Amino acid sequence: MSSLCRRSGHMETLTKPAPPQETVRAGRPLVIAAVRAIPVALPLSKPVRMSGVTIGHAYNLVVRVETKGGDVGWGEAASAPTMTGETLSGMVAAVEGVLAPALVGEDARFLPTLISRMQHAIYANTGPRAAIEMALLDLAGRANCVSFADLLGGARRKSVSPMWLIGNATAADDLAEAQAKYREGFRFFKLKIGVKTPDDDIQATLMLDKALPSDSILCADANMGLTRESARRYLGGIAGSRMLYVEQPLPHADLEGLAMLAGATRIPICSDEGIHSIADIEANGRHGARGVSLKFIKLGGVTEMMRAAQLCDRLGMAVNVAGKIAESGIGSAANIQFSSAIREASWGVSLTHVYLDADIVRDRLEIVDGRMAVPAGAGLGLEVMEDRLRAVTMKNWSTV
Ligand SMILES: [Mg+2]
């Protein structure tokens, strides 16, 4: 890459090749001096209703990795007790008590070694491990003037198509929100189902299908909130709609039910809560899932996400890349960078910073013509505002 990057992390294009000393500098050691766990409470613009839970704040772990030379990298993982089993207090404890001591003194350039150290240091804890790996890649990218996507093999596309999640009490409210977001530029909509009755979910889906312009895409996510019977009823009721896929209609362990549903509808089924590993993707695929939703916090890191995406490619399964509701610009930038680098992401990208009242990064990632651009710059391509970060840092997280 014919570019240098300033210490701020922004890249500038050169008209002549980088001087030789830059090559030498790029190879310098990146000895980890500190891995800090920062628990934050990010207020949502409005509470989000999903099957089983209403969310008003996002309680997330932000990770800051610093080297002895002063290089910094940022990572983030949402606490998601119902999805990963992790509470914020447990995530902080995992970083401070186990993962940071395993990494301090190691060289951040040797990522596979560090991933292995983390895997051996603690079982599960996929959120904390993912946040740290994200920060290590951000750090390595900044230190070497290349983007996060470049470290994953390079961006295949300059922008991604983010989706807007809809989940209101009534179908009329769902429609009004979708139309407003269409006017803002969103073209990909995911309707949260499984909270209303199946008939109301059918009504909301058909209203959206009828009213949204033809260039918009529609999918639905039940978050395990349906029974076999209600799922069959819902899928039958929306059979004539443009529905691209229905996500996790049944509890994650009901693979037999998944196979029955998949065999009874032409609408593809996506697995989300059922996917925590490569083996889960294979199992859900064997039982009829035609795509998966991938999240860093479930797979436990960026490298494992890449393995998962490559497996989906091989199996002919579609991929949705998703942040948990809600993540700051750190998590969203990682999702955009990752989505730009994988071959298949046709089931959309859920970027969840759009549900926050305020972000902790300087330049909020904005939607333009239905797409969000891959942030330019080294690493994740963003600047964390440490004063804003301090304002949302929790003083007491023991009960979260
Ligand atoms: Mg989902």
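One can find the structure itself at the top, above this paragraph.
Residues numbered from 1 in each chain as written. Predicted model: local features only at pLDDT ≥ 70, side-chain atom pairs only at ≥ 80, totals over all residues. Heavy atoms only, no water.

Q: So, the pattern of salt bridges: which residues are in play, and what are the values?
A: Oppositely charged side chains can form a pair if their charged atoms are brought close together. The tally for this structure, following the rule as stated, stands at 20 salt bridges. Across the pair Asp 107 and Arg 109 runs a salt bridge whose closest N-O atoms are separated by 2.8 Å. Taking relative accessible area as the criterion, Arg 109 reaches 33% and is therefore assigned partly exposed. Taken together, the shared-partner salt bridges in this structure form one network comprising Arg 64, Glu 66 and Glu 386. (Salt bridge = Lys/Arg side-chain N within 4 Å of Asp/Glu carboxyl O. Buried < 20%, exposed > 50% of the residue type's maximum accessible area, 1.4 Å probe, protein only.)

Q: I'd love a proper account of the coordination of the magnesium ion, names of residues and values included.
A: Around the magnesium ion, the protein supplies Asp 221 (OD), Glu 247 (OE) and Asp 272 (OD) as donor atoms, at distances of 2.1 to 2.2 Å. The sequence pattern formed by the donor residues of the magnesium ion is D-x25-E-x24-D. You can see Asp 221 sitting in strand E9 (residues 217-221) and its partner Asp 272 sitting in the loop between strand E11 (269-271) and helix H10 (278-286), a full 51 residues away along the chain. Judged by relative accessible area, Asp 221 falls into the buried class, the value being 2%. (Donors = N, O, S within 2.8 Å, 3.2 Å for Na, K, Ca; no water. Helix = DSSP H or I, 4+ residues; strand = E, 2+ residues; numbered from the N terminus.)

Q: Just give me the short version of helix H3 (residues 111-121), but keep the residues and values in it.
A: Every buried residue of H3 is listed here: Leu 111, Leu 114, Ile 115 and Met 118. On an axial view of H3, the arc spanned by its buried residues comes to 100°, and they lie on one face. Exposed and oriented more than 90 degrees from the buried face of H3 are Pro 112 and His 120. (Arc of directions from axis to C-beta.)

Q: Describe the sheet that holds strand E13 (residues 318-322), and please don't skip the residues or the numbers.
A: The strand order across the open sheet formed by eight strands is E7-E8-E9-E10-E11-E12-E13-E14, and the pairing between neighbours is parallel. The open sheet has two edge strands, strand E7 (163-166) and strand E14 (349-350), and neither has a second partner. Bridge count for E7 against strand E8 (residues 188-192) is four bridges, and the pairing is parallel. The partner of Met 163 across the bridge, within E8, is Phe 188. The sheet strands contacting helix H13 (residues 329-341) are E13 and E14, and the helix crosses E13 at an angle near 160°. (Pairing = 2+ DSSP bridges. Contact = heavy atoms within 4.5 Å. Axes fitted to C-alpha atoms, helices over the stretch in contact; angles between N-to-C directions.)

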